[in-house]
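# Tertiary structure, described
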Protein chains: 2
Amino acid sequence: MSVQLPVQTVSRLCLIYRVLLGMDRETVLSSTKLGKLVNIPAHTIRKDLSVAGKLKSSNAGYKAGELLDFIKGLFNFDTPLRVCVAGIGLLGSSFIKNPVQEGGQFIIVAGFDTNINKIEVMKSDVPLFPAYEMADKIREMRIDLGIIAVPAQAAEITMQRMKEGGIKGILNFSPAILGDKDIAVRNVHFAEELRFLTAMIPDLEKGV
Amino acid sequence: MSVQLPVQTVSRLCLIYRVLLGMDRETVLSSTKLGKLVNIPAHTIRKDLSVAGKLKSSNAGYKAGELLDFIKGLFNFDTPLRVCVAGIGLLGSSFIKNPVQEGGQFIIVAGFDTNINKIEVMKSDVPLFPAYEMADKIREMRIDLGIIAVPAQAAEITMQRMKEGGIKGILNFSPAILGDKDIAVRNVHFAEELRFLTAMIPDLEKGV
DNA sequence: CCTCGGTTGTGAAATTTTTCACAAGTATTA
DNA sequence: TAATACTTGTGAAAAATTTCACAACCGAGG
């Protein structure tokens with residue numbers, strides 16, 4: 001990771017990583033076949049791997065397991081990360097109840113909410129804490145990433161608390177748009193995905 | 001919409017549209033102020049509006065309402081779209097129960113599931129149908145967009161059924177990676193967002 | 001009416017990203 | 001061994017995108 005890879009390249013490598021995860025390690029894939037699986041042109045994949053520093057292996061396709069290990073090593077996907085969730089509403093609790101598997105890369109270790117009742121009532125394997133303890137708990141538990149699933153008006157303060165605790169990255173599902181120069185922030189907004197989709201459809205004759 | 005705008009520009013305009021929606025129409029914003037709200041450099045915003053064909057209005061900032069109308073007109077965001085949801089699981093039903101508002105731009109008009117019991121048991125204002133009726137219902141009801149919230153192995157067939165019904169765009173929340181040359185498809189995957197976030201953090205000293 | 005601080009819109013430059021083309025390697029079959 | 005049909009990795013060309021710089025404009029306050 002000495003060189004800073006283009007964002008798009010990182011994004012594509014993540015996508016490739018995903019399909020490789022669900023595949024037998026022995027499968028052999030050409031850049032063309034792989035490209036069809038992820039909807040990326042073959043030459044783009046080869047270039048991405050090239051700039052990412054892919055070592056010369058063979059000129060007869062990639063073995064799924066090797067490629068997986070390469071990307072894993074590149075981004076340190078082998079070290080598990082501690083994740084917390086702020087906001088135990090519908091979405092937030094779904095992360096706690098159905099934690100993402102992904103080969104144990106992410107471990108949900110704490111949940112936070114301003115509503116103390118919710119914390120006490122809810123049954124969960126993941127320990128829940130009141131929101132004002134967020135910074136302390138994040139520091140104590142050495143939490144790496146935060147998922148924000150609070151209402152828009154609480155998003156900013158939540159990010160501040162997470163920063164205060166020394167968090168490294170935030171995935172924000174609240175309608176607020178967050179950003180920070182010190183930490184990585186990614187905003188995800190369902191309605192906007194729909195809107196973007198709509199905007200990308202060239203000749204949409206809208207329904208009544 | 002005569003010219004095809006760069007994807008990134010479209011994406012940024014959608015983001016701007018979002019903040020404008022939650023703002024008084026009379027507010028006057030300079031490109032600099034607007035830029036701070038959405039984390040985009042001011043000159044990029046001005047360029048985006050320029051290539052999008054923004055007509056000369058004044059040299060003293062943008063009025064929120066006017067800018068909103070401009071983007072709305074550009075992408076036809078004023079005509080409501082009919083949306084259906086395939087897969088009435090945790091995520092799918094959340095779309096049906098808590099429909100996105102967004103100024104009535106999207107109307108959830110139908111849900112589909114292979115499990116007939118689920119359809120009968122579930123109370124909902126939105127009519128629910130068995131999956132095999134999907135293509136017919138989409139055609140009948142003139143549905144524009146589809147949200148896929150089914151398991152990975154059912155994703156492909158679901159897309160095919162939607163295509164068959166003549167759908168224009170798909171937002172895919174299943175773990176499968178979908179793509180099609182005829183219709184617009186957007187894949188959203190939570191774990192991958194986390195992974196991408198991780199990959200973008202330069203010097204992450206991972207926890208134990 | 002003139003000036004000052006702030007603003008937009010945009011051509012051109014700079015940069016980034018993608019695409020292309022091809023030498024060189026591999027596996028297979030005869 | 002030779003021929004065939006693949007394949008990769010990458011420098012260079014092409015294309016796309018972002019950044020810059022600045023003329024022209026606006027509004028307010030003398």
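The text that follows walks through the structure, step by step, so that each part is easy to find. (Residues numbered from 1 in each chain as written. Chains lettered and ligands numbered in written order. Predicted model: local features only at pLDDT ≥ 70, side-chain atom pairs only at ≥ 80, totals over all residues. Heavy atoms only, no water.)

## A closer look at the interface of chain A and chain B
With 64 residues of chain A in contact, the opposing surface of chain B contributes 64 residues. For the pair chain A and chain B, the two sides together bury roughly 5900 Å², of which 68% comes from carbon and sulfur. Contact with chain B buries area across many residues of chain A, yet R18, I177 and R195 of chain A alone supply 13% of it, more than any other trio. Counting across the interface, chain A meets chain B through four salt bridges. Where E192 of chain A meets R18 of chain B, a salt bridge forms, and the shortest distance between an N and an O atom there is 2.5 Å. Taken together, the connections running from chain A to chain B amount to twelve residue pairs in polar contact (both at pLDDT 80 or more). Per-element tally for the side of chain A that touches chain B: the top contributor is helix α9 (residues 190–200) of chain A, with eleven residues. (Contact = heavy atoms within 4.5 Å. Buried area = accessible area lost by both parts, 1.4 Å probe. Salt bridge = Lys/Arg side-chain N within 4 Å of Asp/Glu carboxyl O. Polar contact = N/O pair within 3.5 Å; in protein donor to acceptor, adjacent residues only side chain to side chain. Helix = DSSP H or I, 4+ residues; strand = E, 2+ residues; numbered from the N terminus.)

## Digging into unusual backbone geometry
The backbone of N76 of chain B shows a phi angle near 55 degrees, a positive value even though the residue is not glycine. Given the relative accessible area of 33%, N76 of chain B is considered partly exposed. (Buried < 20%, exposed > 50% of the residue type's maximum accessible area, 1.4 Å probe, protein only.)

## A few points about the protein's contact with DNA strand C
In the neighbourhood of DNA strand C, 23 residues make up the surrounding shell, with R12 and T44 of chain A together with S31, R46 and Y62 of chain B lying closest. The sugar-phosphate backbone supplies 63% of the atoms of DNA strand C found within 4 Å of the protein. Between DNA strand C and the protein, one listed contact pairs a phosphate oxygen with a side-chain N or O atom of T44 of chain A at 2.9 Å. Taking R46 of chain B, its side chain carries an N or O atom lying 2.9 Å from a base nitrogen of DNA strand C. Of all the secondary structure elements, the ones that give two or more residues to the surface near DNA strand C are α1 (7–21) and α3 (42–51) of chain A together with α3 (42–51) of chain B. With four residues, α3 of chain A is the single largest residue contributor to the surface near DNA strand C. Among the residues forming the surface near DNA strand C, the class breakdown is five nonpolar, eleven polar and seven charged. (Near = heavy atom within 4 Å. Nonpolar A, V, L, I, M, F, W, Y, C, P; charged D, E, K, R; others polar.)

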